[in-house]
Amino acid sequence: MWKTVVRRVVIMIPQLFVLSLLVFILAQFMPGDPYSGAITPETDPARIEELREKAGLNDPWYEQYVRWVGNLVQGELGKSYTFQRSVGDLIGEKATNTLWLSLLSVILLYSIAIPLGILAGRYNNSKLDKSIVLYSFISYAIPTFVLGLLFLYLFGYTLRWFPTVGSVSVGLDPGTLAWYWDKIYHLILPASTFAVLGTTGVIQYLRSEIIDAKSLDYVRTARSKGIPMRKVYSKHIFRNSLLPIAAFLGFTITGLLGGSIIIETIFGYPGMGQLFINAILSRDYSVITALVMLYGFLALLGSLLSDIIMSIVDPRIRIE
Amino acid sequence: MKTTDELLRIKNLHTGFRIKDTYFDAVDNVSLSLRKNEILAIVGESGCGKSTLATSIIGLLDRNKTRIQGEILYKNKNLAEMTEEELNDVRGLDISMIFQDPLSALNPLMRIGDQIEESLIYHTKLTKEQRKERVLELLNQVGINNPERVARQFPHQLSGGMRQRVIIAIAISCKPQIIIADEPTTALDVTIQAQILDLLIDLQNETGAGIILITHDLGVVAEIADRVAVMYAGEIIEVAPVEELFSNPKHPYTRSLFNSIPQMSQENTRLNVIEGIVPSLTNLPREGCRFSSRISWIPEEAHEDNPTLHEISPGHFVRCTCWKHFHFKSDIGGSHHVYAD
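Here is what the cut-offs are and how they apply
Residues numbered from 1 in each chain as written. Chains lettered and ligands numbered in written order. Predicted model: local features only at pLDDT ≥ 70, side-chain atom pairs only at ≥ 80, totals over all residues. Helix = DSSP H or I, 4+ residues; strand = E, 2+ residues; numbered from the N terminus. Rg over C-alpha atoms; globule rule 2.2 N^0.38 Å. Contact = placed C-beta atoms within 7 Å. Buried ≥ 20, exposed ≤ 12 C-beta atoms within 10 Å, placed from the backbone. Expected span 1.5 Å × (residues − 1). Arc of directions from axis to C-beta. UniProt positions renumbered as here; feature names shortened; annotations may be inferred. Pairing = 2+ DSSP bridges. Axes fitted to C-alpha atoms, helices over the stretch in contact; angles between N-to-C directions.

1. Focus: the overall build of chain B
Thought 1: Along chain B, the regular secondary structure elements total 10 helices and 12 strands.
Thought 2: The C-alpha atoms of chain B give a radius of gyration of 21 Å, which matches the 20 Å a tight globule of 341 residues would have.
Thought 3: Seen along its three principal axes, the alpha-carbon backbone of chain B occupies a region of about 70 × 45 × 45 Å.
Thought 4: Long-range pairs, those at least 24 residues apart, make up 65% of the contacts in chain B between residues at least 6 apart in sequence.

2. Quick notes on the overall build of chain A
Thought 1: Along the backbone of chain A there are 12 helices and zero strands.
Thought 2: In chain A, the succession of helices and strands from N to C terminus is α-α-α-α-α-α-α-α-α-α-α-α.
Thought 3: For chain A, the spread of C-alpha atoms along the principal axes amounts to about 85 × 55 × 40 Å.
Thought 4: The buried share among the 320 residues of chain A stands at 29%.
Thought 5: For chain A, the proportion of contacts with a sequence separation of at least 24, taken over those separated by at least 6, is 72%.

3. A look at helix α4 (residues 128-141) of chain B
Residues and elements named next belong to chain B.
Thought 1: The terminal C-alpha atoms of α4 lie 20 Å apart, and with 14 residues this matches the ideal 20 Å at 1.5 Å per residue to within 8%.
Thought 2: Among the residues of α4, V135, L138 and L139 are the ones counted as buried. Down the axis of α4, the buried set is contained in an arc of 100°. They therefore lie on one face. Those residues of α4 that are exposed and angled more than 90 degrees off the buried face are E129, Q130, E133 and E137.
Thought 3: Where α4 is buried, its residues touch α3 (112-123), α5 (147-152) and α6 (160-172).

4. A word on the UniProt feature "transmembrane region" (unreviewed entry) in chain A
All names here are of chain A.
Thought 1: Within this numbering scheme, the UniProt entry marks residues 9-30, 99-120, 132-155, 184-206, 242-267 and 287-313 as carrying the feature "transmembrane region" (unreviewed entry).
Thought 2: Its end C-alpha atoms 31 Å apart, residues 99-120 is made of 100% helix and 0% strand.
Thought 3: Secondary structure content for residues 184-206 is 100% helix and 0% strand, while the C-alpha to C-alpha distance between its ends is 29 Å.

5. Some thoughts on the sheet that holds strand β8 (residues 210-215) of chain B
All names here are of chain B.
Thought 1: The strand order across the open sheet formed by eight strands is β6-β7-β8-β3-β9-β10-β12-β11, and the pairing between neighbours is mixed. The open sheet has two edge strands, β6 (95-98) and β11 (309-313), and neither has a second partner. The sheet shows a mean angle of 20° between the axes of neighbouring strands, direction not considered.
Thought 2: Examined bridge by bridge, strand β7 (residues 178-182) and β8 share five bridges and lie parallel to one another. Residue pairing in the sheet places I180 in a bridge with I212 of β8.
Thought 3: Here α6 sits on the sheet in contact with β6 and β7, set at roughly 175° to β6.

Laid out in structure tokens, this is it:
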């Protein structure tokens, strides 16, 4: 199995190379550059030109590309034009915030969706099932920004249960229990918004898997053994129906590291999504390219993770 | 026939499937009995209701979509009226089932040993160690050479024949009185078929269980059955001991079935087929002789208005009186005995 994992990682290198080329070329096509925003009637065009020359923006694209990839391989992601800081540090800082938000979101999402999906599938066509399906359709139909704003207005401004902006209150010492608690406190609203909206897929998928499983031959075999129905469900139906969801976990985990642009923006949460959108708005090339590369890498890693999880939970799939 | 030998008695069984709020009987007024040490074969075309009959016995059909009426008497208790919980005490312990497709009848994510052990957990008081031992014993009994290894394997690691042996091991794990085998050899190739049938006979000789064998393979019937019930369109149309039925089939349907077995001795002939098709569940003729539309050359007067089973010789029952007037259609346009050359 380890051989396969290593082989898969090696295959990722050419994939990443193609991705880097695409990302770089696309970034070149973007109108303007980091200095176009700085031009005002008072700026001396020669000064801008000087800055461009200094940053190497006037070199042919392939020279820029080789320089960029060379730095990338050495782990040097470049310097943000807007923040004048190392891109690595910038991403690292936001990634931690996003990681916390994602973790709580995923935990909430699965702890809502799995029980509901199981109940809907177990008692399908009952009133309970119908109301769960109705819920999942409603949550699917609501746009993120609508629910986000609704939560913000209701629980943030009107009821004042939760903070409405930021990731932690000012004035708390990092590392203390109060600080951690405050961080979680700030996470609850954005995480629940994310969780409520994400449940539809998992509920529907699990529900239909369970309904299908009920009429499978091996479930009939299990029933013919005379074991109690709840055991048939727990040992034969639920376990097997949760399989595809477990396998999808790899994608979910890495996908969440990308952060959600809309949720982070609405809740003023300083994460990757916010960093990304700000970088685009300010034409911060080094940040944009680094982030897109990172997202691409995470997607590749996600599929690898999913394959590994699948091979652990499903005995039929053994990576040779 | 001594009544003490009787294991199971089915009386006026109706099993209906719900289609748009109406129930249509796929098994229509079936009465049968099974004795100790007997292999009772139920034969018929696909869709004649034989599998539905088998699954009705231990209530494996979806209760929301089916309706079972009549009596299925086992040890003086009516299985048809039992709740799911009550049935669970019978399933696997007294009556067990062997399924058609060994490739899909085992849980792909569970080890073979655990799947066999399951029914032992609920039906016996054996300790964990004793159960493990019993699993190996069972695997051995169904002719698996290295039980220790197989018990730890997953279904996909075994061949079709091996999996069917595992399913048989599950079925016999609690030494049931009755085994219902629903086309146990259909999905297997011919050499494996013979091995599985031999295994079934051996196991029966050891345990004295009654076996209900559902099949459409008349070769299998001739080989191992004691008694045969022929089903057509939800009804039993003929019941007889196996030698009697094969040497002296009476009902037009039974005779057409035998006639449609390809003969090795007849070369270059077309297959003899039965005219028409089995009517679908929703438009079964519920009155009169159900086979009459497929033997249209027999005059209407030959059929009974309400065909019943008549005992024409000891143990040999035939439905309707039309058999007395039946002859194979012989004109060139007909589908019987038409030669290709």
